[in-house]
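# Architecture and fold: a report
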Amino acid sequence: MPSLVTGRLPVRLTPLVGRQRELQDVVDSLSGTRLLTLTGPGGIGKTRLALTAAGAVSACYPGGVCWVDLAPLDDPGIVAEVIARRLGVPDSPGQDAAAAIADHVGDWSMLIVLDNCEHLAYAVADLAEQLLGACPALSILATSREVLGVDGERSWPVPPLSLPDAGAPAAAAALAESDAVRFFEHRVQLVLPSFRLADDNAAAVVQVCRRLDGLPLAIELAAAQMRVLTVGQLAERLDDMFTVLVGGARTAPRRHQALRATLDWSHDLLDEDERVVFRRLAVFCGGFVLTAAEQVAAGCGIGPQRVLELLVRLADKSLLRVDRGGSDARYQLLSIVREYALERLAEASEEKTARGALLWWAVGLVEEVAPRLEGGRAGVLGLERELDRLDAEMSNLRVALEFARGSGEVDAALRIAGPLGRFAYLRGHYHEIRQWMDDAVVAGTGAPAVLRAKALLGSGRLALLQCDYLPAVRRVEAALRQYRELGDARGVASALQVLGSVAREQGRYARAMLLHGESLSVAEAADDQWAVASAHGYLGFACWLQAEFERATQECTIALRMFRELGDVEGIAWSLLSLGTVARYQGAREQAAALLQESRSLAERIGFREGIAWSLEQLGLLAADQGDRSAAALLRNSLQIHHDLRDRWRTCSVLEDLAATALEQGGAHQAARLLAAAEAMRVTIGTVIAPCESAQHTVTVTGARAALGDEAFAAAWQQGLQATIDDLQADLAGQAAARPDRPAAHRGSPRRPAAAAAKQEPGPSAAPGGALRIRALGAATVHRGDAAVTAADWGYAKPRELLFLLVASPPMTKDQLGDALWPDLSGQRLGNALHTALRTLRHALGDPGWIVYSDGRYRFNTEQEHECDLETFEQALAAARAARPAAAALPHLQRAVTAYRGDFLAGLAVGEWARARRDELARSFESALLAVGRLHAAADRYQPAAAAFRRAVAHEPLNETAHRELMNSWVHLGETARAVRHYRELAELLQEQVGVPPAAETTALYRRLTGGP
Ligand SMILES: Nc1ncnc2c1ncn2[C@@H]1O[C@H](COP(=O)(O)OP(=O)(O)OP(=O)(O)O)[C@@H](O)[C@H]1O
Ligand SMILES: [Mg+2]
């Protein structure tokens, strides 16, 4: 039977790429509806999909498939005639064209495709209604940027081409699934046949496709630029999208020859009110909810109550995408559309107003949501919802802050950034929000103290979480001072908690307990139940890290009860975690499992990443205790989260946990690498192994060394020191897939480390490797003759620390050494640990005679030929103290100053003993510098005096005496202006870092210099 249609479907010279699922869905939809409209923004691929679908179903329509391109038409009055002509309807003068089509089609089963209807939507809607009513077997497939609005119409929004998953590796093989990437590759090959997606260009290709939101037209235009650009250059240039994305095929419709033209076509179809809202919405980034749009897009005579209606209209016209996935619908402009709208906004000179409106919306949002995150008011569901709300608005907050910065709205910036601390903590946005807070504090020096204090505390807390301890302390101490002045007990208690946490992570447990205790007293005095509960929680935490399990249980039980009463989910999760961990250490496995599981599920429900990582670690350890093979996987997940959060303190511990599991499964080599990597990280951040973890650590180190032999252990250790976490993770994942045999080295006889083996046999009274040169001030090094003693020689950290302890102390008993190096061990275990460390140390030094044991004490043998900067420093200071007259001290002081190249054992992860010593030595150095400066000044030698004071200031920027002496020296050198400038810089520094003005004495000097009152 002949069909009604004589014309063929338009032919495309390039194949359809991807879209198989979409095609199937469109074909299925066509069988269930008689009017199907493919909608979507310009260039999304509506026409292309309709064409392929029409070809696929043509056999189902005996009357045929008729394709009508309406894009070239601009008169709605002739739509019916054009279709009639396309259908070959015979001319019948005086008859209405629509009626003629209906007569012609009659009962035939046929499909009419009306392509690009948006600009004629009303006329097409009328005609479609008429024809579908008159012809029972007729179906219509339309493509349009806007739905037609006919009864029974089914709209089918065409999605962008699929993009690679956010976390997918940028490797060619992993990207083949993405339609956008395949489309890009295909289109580039049209202009550059040799182009192939490969590992070395994959990242740039993904960047391009993402930047273009998977929009086929944009990708096509971008690919055409590859005639003259590399893909890397293309990725870089896409910031100026509308300039780059031009030059489409000459055969393409005009609106597709440049991206701007495509969007102009849509924009021209908007009415004035739609245009206003459309351009103002461009200030949002990453989507927005209705209430935000009402606040930001209203204006120019459009009231907030009209915004919803206009949003719906823009969504109908495919300029807005609506995502109904969350609790509130979210609207979004495709990024290309957004950029176009931004141009329109600038053209209308409304940028500042719209961005200002966004800023105040952001302030309102944070001030509404942040208090709900505090103190357990929200409950699990509420907390999750509020956190999600802020998470969804991160991009908008970022834009608001940028505007605040650029327009000098410093208070607004503090009001946005300051209260976000708990959100940042719970959702793991440590890095970025910390930066927001710091920027806001620096810009807002004149802002109200209460705003500044919050941001300082928040930033300090985030710095702590990233193990940047020094910046953490600076900020929190400044916040503490301000909270004290403000009489804000909650602020004081919280600041003390953070300071206590820094001390805890650095292994200064006594100080941590003191600070947490002080925080408790403040909270109790203010009757602040949440702060009281937190303080108990922190005290318990510090206790179990020190292996004081009984007290830990008491404290955490109180915390848990109080947090449950308050309904504070995070607090409950923490307390459960602590109690579960303690139960695990005490061998109560079932109880531990129950507590830890509950903690994990609470943390997961609110998306509390740090909490999840902790519970995974403890559950992993529990599994390991039970010989369960899931242990390594749990620990690997924990590692991933801690690493993502940049919580290096925990990352070290989890690496060590993984080392223990690796060793148990025969992976001694891997264990050594993991231990060394953890050690390197501990050195970087300055933290120690917690007493509760150190027994296991010793067992793992000893076990790995015994399994591998010294030489292989040292080699693995060396590799671990160099390894990145990514290397280790890849290794762990590979090992999980197939655990190899033990390395061959294990089967060989244990040998001495290479450096030691190269030396002659040791003798008790000689220094056979040559003189020992020990540097303990600044970066620590030890040399035997010309050869450095390396990490491979030390094997692990304790032997090296033992050497420095002995060098820096009078002779010590075994118990004294134990207190300093293994505070959690006693009896046999301490004996073993000391024995192992001593043996390794003597081995590393190549001569057992360096460490002498007599009269029940160990000491470093100073009788052998050696040189030690610490000794030089201390002897020089003693000589200076003894010198008479006072001026005779100068050469001794200068010798001391020269010997001090930096802080004691700078950068090494060492115990409390060394930190105390470090502080003490730093203070001696500071005093020595001041004394040198003063002796020079007393002899009218102001140049060297100024040099000494400057060094003192560089060493300790908050030493105001040194600053004042420096100003005095400059005055004597005739550089009054420099002294005045220095005062101002000092005042700024003090304000910024500690929130106080210079001392009266310094200010008096300044006034004298400036001739002020
Ligand atoms: N899956 C695909 N495979 C191959 N080419 C595609 C695909 N999708 C889109 N294209 C190409 O991308 C360009 C834009 O697609 P198309 O013309 O279908 O967009 P549209 O949504 O109809 O745009 P407009 O609203 O402007 O009509 C065209 O050159 C088209 O051939
Ligand atoms: Mg089209």
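Residues numbered from 1 in each chain as written. Chains lettered and ligands numbered in written order. Predicted model: local features only at pLDDT ≥ 70, side-chain atom pairs only at ≥ 80, totals over all residues. Heavy atoms only, no water.

## With respect to the overall build of the protein chain
Basically, it comes down to this: Counting from the N terminus, the helices are the DSSP runs of H or I reaching at least four residues and the strands are the DSSP runs of E reaching at least two. The classification of residues rests on relative accessible area computed with a 1.4 Å probe and restricted to protein chains. Under 20% of the type maximum is buried, over 50% is exposed, and intermediate values are partly exposed. Method for areas: the Shrake-Rupley scheme with a 1.4 Å probe, in which residue coverage is limited to the protein chains shown. When charges are counted, neither His nor the chain ends are considered; positive counts come from Lys and Arg and negative counts from Asp and Glu. By convention, charge coordinates are those of NZ in Lys, CZ in Arg, CG in Asp, or CD in Glu.
Secondary structure summary: the protein chain contains 50 helices and 14 strands in total. If one aligns the C-alpha atoms of the protein chain with their principal axes, the spans along those axes are about 125 × 85 × 60 Å. When each of the 1013 residues of the protein chain is scored for burial, the buried share is 54%. By element, 51% of the accessible surface of the protein chain is carried by carbon and sulfur atoms, the whole surface being about 42300 Å². In the protein chain, 107 positive and 123 negative side-chain charges are present, and the distance between their average locations comes to 5 Å.

## Remarks on the environment of Ala 909
Inspection of the secondary structure puts Ala 909 in the loop between α45 (890–899) and α46 (912–938). Counting along the chain gives 72 residues from Ala 909 to Ala 837, while the straight-line C-alpha distance between them is 16 Å.

## Some words on the nonpolar core
Stated formally: Definition of nonpolar core: a set of buried residues of the types Ala, Val, Leu, Ile, Met, Phe, Trp, Tyr and Cys, connected through side-chain atoms within 4.5 Å. Contacts are assigned to residue pairs with any non-hydrogen atoms lying within 4.5 Å of each other.
Core analysis: the biggest nonpolar cluster contains 204 residues, and Phe 184, Leu 212, Leu 259, Leu 281 and Ile 416 have the highest contact counts within it. The element best represented in this core is helix α17 (residues 351–373), accounting for twelve residues. For Leu 212, the residues in contact, after removing those within four places along its chain, are Ala 218, Ile 219, Ala 222, Leu 238, Met 241, Leu 245 and Ile 336. Core analysis: the next-biggest nonpolar cluster, separate from the first, contains 110 residues, Leu 803, Leu 821, Leu 966 and Ala 979 among them.

## Focus on the coordination of the magnesium ion (ligand 2)
Where we set the bar: Each metal site is built from N, O and S donor atoms within 2.8 Å (3.2 Å for Na, K and Ca), and since water is not included, such sites may look incomplete.
The coordination sphere of the magnesium ion (ligand 2) contains the protein donors Thr 47 (OG1) and Asn 116 (OD1), at a distance range of 1.9 to 2.5 Å. Pair noted here: Thr 47 is in helix α2 (residues 46–57) and Asn 116 is in the loop between β3 (110–115) and α5 (121–134), with a separation of 69 residues, a long-range link.

## Quick word on the environment of Glu 801
For Glu 801, the position within the fold is in helix α41 (residues 797–807). The class of Glu 801 is buried, set by a relative accessible area of 6%. Along the chain, Glu 801 and Ala 938 lie 137 residues apart, while their C-alpha atoms are 42 Å from each other.

## A look at the sheet that holds strand β8 (residues 330–332)
In plain terms, the rule: One bridge is not enough; two strands pair if DSSP finds at least two bridges between them.
If you walk across this open sheet you meet the three strands as β6-β8-β7, and the pairing is antiparallel. A strand with exactly one partner marks an edge of an open sheet, and here the two such strands are β6 (288–289) and β7 (321–323). As paired strands, β7 and β8 are joined by three bridges and run antiparallel to one another. Across the sheet, residue Arg 321 finds its bridge partner in β8, namely Gln 332.

## Considerations on the packing of aromatic side chains
As a reminder, the rule being used: Between rings of Phe, Tyr and Trp, where Trp is taken as its six-membered ring, a pair exists when centres lie within 6.5 Å; planes separated by under 30 degrees are stacked, by over 60 edge-to-face, and by other angles tilted.
By the definition in use, this model includes 20 aromatic pairs. Arranged with centres 5.5 Å apart and planes meeting at 5°, the rings of Trp 850 and Phe 860 form a pair that is stacked. One end of the pair, Trp 850, is in the loop between α43 (827–845) and β12 (851–854); the other, Phe 860, is in strand β13 (residues 857–860), and ten residues separate them in sequence. For Trp 850, a relative accessible area of 1% gives the class buried.

## Brief notes about the packing of helix α42 (residues 814–821) against α43
Where we set the bar: Structural elements are reduced to axes, namely lines fitted to C-alpha atoms, with helices fitted over the stretch in contact, and the angle between N-to-C directions of any two is expressed from 0 to 180 degrees. Angle categories are assigned with fixed cut-offs, so that under 35 degrees is roughly parallel, over 145 is roughly antiparallel, 65 to 115 is roughly perpendicular, and the rest are oblique. Under the scheme applied here, ten amino acids are nonpolar (Ala, Val, Leu, Ile, Met, Phe, Trp, Tyr, Cys and Pro), four are charged (Asp, Glu, Lys and Arg), and all others, including Gly, are polar.
In the contact formed by α42 and α43, the axes pass within 11 Å of each other and the chain directions differ by 85°. Between α42 and α43, the interaxial angle falls into the category roughly perpendicular. Every residue of α43 that contacts α42 at Lys 814, Asp 815, Leu 817 and Gly 818 is listed here: Gly 827, Leu 830, Gly 831 and Leu 834. Its residues assigned to classes, the contact of α42 with α43 shows three nonpolar, three polar and two charged.

## Concerning the confidence of the model for the protein chain
Put simply, the rule reads: pLDDT expresses how confident the predictor is about each individual residue, on a scale running from 0 to 100.
Looking at the protein chain, the pLDDT average stands at 87 and 94% of residues meet or exceed 70. With pLDDT under 50 throughout, residues 739–766 is counted as low confidence; its partners more than four residues away or in other chains account for 47 contacts.

## Points about the side chain of Ser 575
Inspection of the secondary structure assignment puts Ser 575 in helix α29 (residues 569–585). When sequence neighbours within four positions are dropped, the list of residues in contact with Ser 575 reads Cys 556, Ala 559, Leu 560 and Phe 563.

## Some points on the pairing of β3
Let me state the cut-off plainly: Crossovers are described as right-handed under a simple rule: with the strands pointing away from the observer, the path leading from the first strand over the helix to the second runs clockwise.
Judged by how many residues are buried, β3 sits mostly within the fold: six of six residues are covered. Alternating positions in β3 separate into two faces, Met 110, Ile 112 and Leu 114 on one and Leu 111, Val 113 and Asp 115 on the other, with burial throughout. In the sheet, β3 pairs with strand β4 (residues 138–144) via five bridges, with the strands oriented parallel. From the neighbouring strand, Ile 112 faces β4, where its bridge partner is Ile 140. Following the backbone out of β3, through α5 and into the adjacent parallel β4, one traces a crossover that is right-handed.

## Quick word on the pattern of salt bridges
Put simply, the test is: One side-chain nitrogen of Lys or Arg within 4 Å of one carboxyl oxygen of Asp or Glu is enough to make a salt bridge.
A full pass over the atoms with the stated rule returns 53 salt bridges. For the salt bridge of Glu 432 with Arg 398, the shortest nitrogen-to-oxygen distance reads 2.5 Å. Residue Glu 432 is located in helix α22 (residues 430–443), and its partner Arg 398 is located in helix α19 (residues 394–406); the two are separated by 34 residues in the primary sequence. Notably, a salt bridge pairs Arg 648 with Asp 468, separated by 2.8 Å at the nearest N-O pair. Of this pair, Arg 648 sits in helix α33 (residues 648–664) while Asp 468 is found in the loop between α23 (449–465) and α24 (469–486), placing the two residues 180 residues apart along the sequence. In this structure Arg 648 comes out as buried when scored by relative accessible area, which is 16%. Taking relative accessible area as the criterion, Asp 468 reaches 17% and is therefore assigned buried. One continuous salt-bridge network, built from bridges that share partners, spans Glu 146, Asp 271, Asp 273, Glu 274, Arg 306, Glu 309, Arg 313 and Lys 317.

## A look at unusual backbone geometry
With phi around 65°, Cys 467 is a residue other than glycine that occupies positive phi space. Mapped onto the fold, Cys 467 is located in the loop between α23 and α24. On the accessibility criterion, Cys 467 (3% relative accessible area) is buried. Backbone geometry places Asp 855, a non-glycine residue, at a positive phi of 50°. On the secondary structure map, Asp 855 appears in the loop between β12 and β13. On the accessibility criterion, Asp 855 (76% relative accessible area) is exposed.

## What about the pairing of strand β10 (residues 781–784)?
With four bridges connecting them, strand β9 (residues 772–775) and β10 associate as antiparallel partners. Across the sheet, Leu 772 pairs through a bridge with Arg 784, a residue of β10. Where β9 folds back onto β10 in an antiparallel hairpin, the turn is made up of five residues, including Gly 778, whose phi is positive at roughly 90°. Following β10, the chain reverses through two residues before pairing antiparallel with strand β11 (residues 787–788); Gly 785 in that reversal takes a positive phi of roughly 60°.

## Some details on the state of the cysteines
The following threshold applies: Two cysteine sulfur atoms form a disulfide, by the criterion used here, when they sit within 2.5 Å.
Scanning all chains against the criterion turns up zero disulfides. For the unlinked cysteine Cys 60, the closest cysteine sulfur is that of Cys 66, found at 17 Å. The closest cysteine sulfur to the non-disulfide-bonded Cys 209 is located on Cys 285, 20 Å from its own sulfur.

## Describing the sheet that holds strand β14 (residues 866–868)
Sheets are built from strands that pair by backbone hydrogen bonding, the pairs being arranged parallel or antiparallel. One open sheet accounts for four strands, arranged β11-β10-β9-β14; its pairing is mixed. The open sheet has two edge strands with one neighbour each: β11 and β14. Packed onto the sheet, α41 meets β9, β10 and β14 and runs at close to 90° relative to β9.

## Observations regarding the packing of α41 against α42
The line we're drawing: Should the near helix be turned anticlockwise from the far one by less than a right angle, the crossing is left-handed, and should it be turned clockwise, the crossing is right-handed.
At their nearest, the axes of α41 and α42 sit 11 Å apart, and the two run at 120° to each other. In this view, α41 runs oblique relative to α42, as classed from their interaxial angle. Crossing handedness for the pair α41 and α42: right-handed. Only Leu 817, Ala 820 and Leu 821 of α42 make contact with α41, whose side of the interface consists of Lys 798, Glu 801, Leu 802, Leu 805 and Leu 806.

## Description of helix α16 (residues 335–347)
Stated formally: Helix span, as expected, comes to 1.5 Å for every residue beyond the first.
Over its 13 residues, α16 extends 18 Å from the first C-alpha to the last, a length consistent with the 18 Å expected when each residue adds 1.5 Å. Inspection of α16 places Ile 336, Val 337, Arg 338, Glu 339, Tyr 340, Ala 341, Leu 342, Arg 344 and Leu 345 among the buried residues, and these make up the whole buried set. At the exit of α16 stands Ser 349, carrying a positive phi of roughly 55°.

## Description of the side chain of Ser 459
Let me state the cut-off plainly: Polar contact criterion, stated in full: a pair of N or O atoms within 3.5 Å, where within protein one must be able to donate a hydrogen and the other to accept it, and residues adjacent in sequence count only if both atoms are side-chain atoms.
Note that Ser 459 resides in helix α23. A polar contact is formed between the side chain of Ser 459 and the side chain of Asp 438, at a distance of 2.6 Å. Among all residues touching Ser 459, those that are not within four sequence positions of it are Arg 434, Met 437, Asp 438 and Arg 475.

## Focus on the environment of Arg 673
Locating Arg 673 in the fold gives a position in helix α34 (residues 668–685). In this structure the C-alpha to C-alpha distance between Arg 673 and Leu 212, which are 461 residues apart in sequence, comes to 43 Å. Discounting residues that sit within four places of it in the chain, Arg 673 has contacts with Ala 716, Gln 719, Gly 720, Leu 728 and Asp 731.

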